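Here is how the chains run, residue by residue.
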Amino acid sequence: MWALFSLLLLVWTRAALAAVDFTASGYASLTHYDLPLDYVASCGCVGRSTFYPTAALNRYAYGSNTSFGPACGTCFEVRLVSTPLAAPPPPPDSNGPYGDGIYFNASQVSSGSTPSLVVKVIDLCPGAGGPWCNSTRLDNGTVAGNRLGFDVHFDLAWPSKGISKNFFPGDHDYGVWNVSYAAVSCQKWAGWNDRAALGSDWAQESSACCPNNPPPSGADASCPAYYDTLGANGAVPPNTSNVLSKGLRSSNAAAATLSLRRDAAADIAVLLLSVLITVIALSLATGPLLS
Ligand SMILES: *[C@@H]1O[C@H](CO)[C@@H](O)[C@H](O)[C@H]1NC(C)=O
Ligand SMILES: *[C@@H]1O[C@H](CO)[C@@H](O)[C@H](O)[C@H]1NC(C)=O
Ligand SMILES: *[C@@H]1O[C@H](CO)[C@@H](O)[C@H](O)[C@H]1NC(C)=O
Ligand SMILES: *[C@@H]1O[C@H](CO)[C@@H](O)[C@H](O)[C@H]1NC(C)=O
Ligand SMILES: *[C@@H]1O[C@H](CO)[C@@H](O)[C@H](O)[C@H]1NC(C)=O
Ligand SMILES: *[C@@H]1O[C@H](CO)[C@@H](O)[C@H](O)[C@H]1NC(C)=O
């Protein structure tokens, strides 16, 4: 009985450890950063994931201060709302202060016509320092937000192979956007149908946790915080290794090998075809001589 109780408590504690500590939808700030193509970032997701839209999440929302955390692998739809550091132009016929910022009103945002993306979280926006990735839970339990008061911050890997270079509207880089976000199934992520872009890099072993499609809710997550896996009774992260990246630095190398194999097969087919043609040609040429 006690054993069962402790087991249940253990399971419950583990589940509680693996909770995402922020709402599944709301507003957040978004900046962008350079992530090299094929890079295996903090979560340990395969390098090939960087061929599609990915983002880093601030430490608080990510749920870990190093390596992987509860938010790893989750997918979010993010939708541009406004440029909070640049005021929008004043409405016509008003003498409001001039601004060159962009603001999509509520009906534009809800119409779904404003720029949006589904990103997979593969990286940690590190540091407790400001101004964007520093939101934190204080000792008294309240969450202190970043420079704009947001608990959640996305750092979008952009420019990126998987995102249009014209994704951000406007004639210059505003740097920071106010976005609306919502957790979604990773089946909506552009990389979903590319098996080599899912899971974690084989070589990362126990320092990776990148589920293909973690539950798209704020309540539960598949990965514990890396720190909680250390020590004798550490939480056990799920095995998310992608076999396509086995023995290679990254899954992109795996994909390259797969296409090489495809090329080799094509080469063999071409070779066989030319041998066949030569044989037919020879037999046509030599046929009359033989008869
Ligand atoms: C990360 O978090 C763990 C557990 O909360 C803590 O012991 C460790 O000192 C932290 N590391 C850094 C670099 O903040
Ligand atoms: C972000 O946009 C929403 C919707 O327009 C707005 O309610 C919120 O105040 C904005 N936050 C900031 C910091 O700009
Ligand atoms: C939102 O913006 C659009 C496009 O500028 C405009 O046509 C519409 O009237 C605005 N709606 C509201 C509620 O302000
Ligand atoms: C994060 O940094 C910004 C700007 O440096 C500051 O306004 C904000 O209060 C900081 N937040 C926390 C929780 O330290
Ligand atoms: C928690 O602490 C912060 C900073 O000391 C304070 O601003 C805030 O009001 C406190 N919240 C509660 C609920 O005590
Ligand atoms: C993870 O799963 C793969 C099969 O997908 C298996 O070959 C590998 O040994 C597992 N790794 C660990 C550490 O259990």
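See the structure above.
Residues numbered from 1 in each chain as written. Chains lettered and ligands numbered in written order. Predicted model: local features only at pLDDT ≥ 70, side-chain atom pairs only at ≥ 80, totals over all residues. Heavy atoms only, no water.

A. Main features of the site of ligand 2. Lining the immediate surroundings of ligand 2 are Tyr27, Val81, Pro84, Leu148, Phe150 and Asn178. Coverage of ligand 2 by the protein chains reaches 56% of its 360 Å² of free accessible surface. Looking at side-chain class alone, the shell around ligand 2 contains five nonpolar, one polar and no charged residues. (Near = heavy atom within 4 Å. Areas by Shrake-Rupley, 256 points an atom, 1.4 Å probe, with all protein chains shown as cover. Nonpolar A, V, L, I, M, F, W, Y, C, P; charged D, E, K, R; others polar.)

B. Focus on the pattern of salt bridges. Throughout the structure, instances matching the rule amount to two salt bridges. We note a salt bridge from Arg48 to Asp194, for which the minimum N-O separation is 2.8 Å. Taken together, the positions of Arg48 in the loop between strand E1 (25–33) and strand E2 (54–58) and Asp194 in the loop between strand E8 (177–184) and helix H4 (251–290) put the pair 146 residues apart, joining distant regions of the chain. For the pair shown, Arg48 and Asp194 are each scored as buried. The salt bridge partner of Glu77 is Arg79, with a shortest N-O separation of 3.8 Å. (Salt bridge = Lys/Arg side-chain N within 4 Å of Asp/Glu carboxyl O. Helix = DSSP H or I, 4+ residues; strand = E, 2+ residues; numbered from the N terminus. Buried < 20%, exposed > 50% of the residue type's maximum accessible area, 1.4 Å probe, protein only.)

C. The arrangement of the state of the cysteines in detail. In the structure shown here, the tally under the stated rule is five disulfides. Paired by a disulfide, Cys125 and Cys133 hold their sulfur atoms 1.7 Å apart. Across the S-S bond of Cys125 and Cys133 the torsion is about 75°, and the bridge reads as right-handed. Across the pair, exposure class does not vary: Cys125 and Cys133 are buried alike. Between the sulfur of Cys209 and that of Cys223 lies a disulfide, 2.2 Å long from S to S. Between Cys209 and Cys223, the S-S torsion sits near -90°, and that sign places the bridge as left-handed. Taken as a pair, Cys209 in the loop between E8 and H4 and Cys223 in the loop between E8 and H4 lie far apart in primary sequence, 14 residues in all. In this structure Cys223 comes out as buried when scored by relative accessible area, which is 0%. (Disulfide = S-S within 2.5 Å.)

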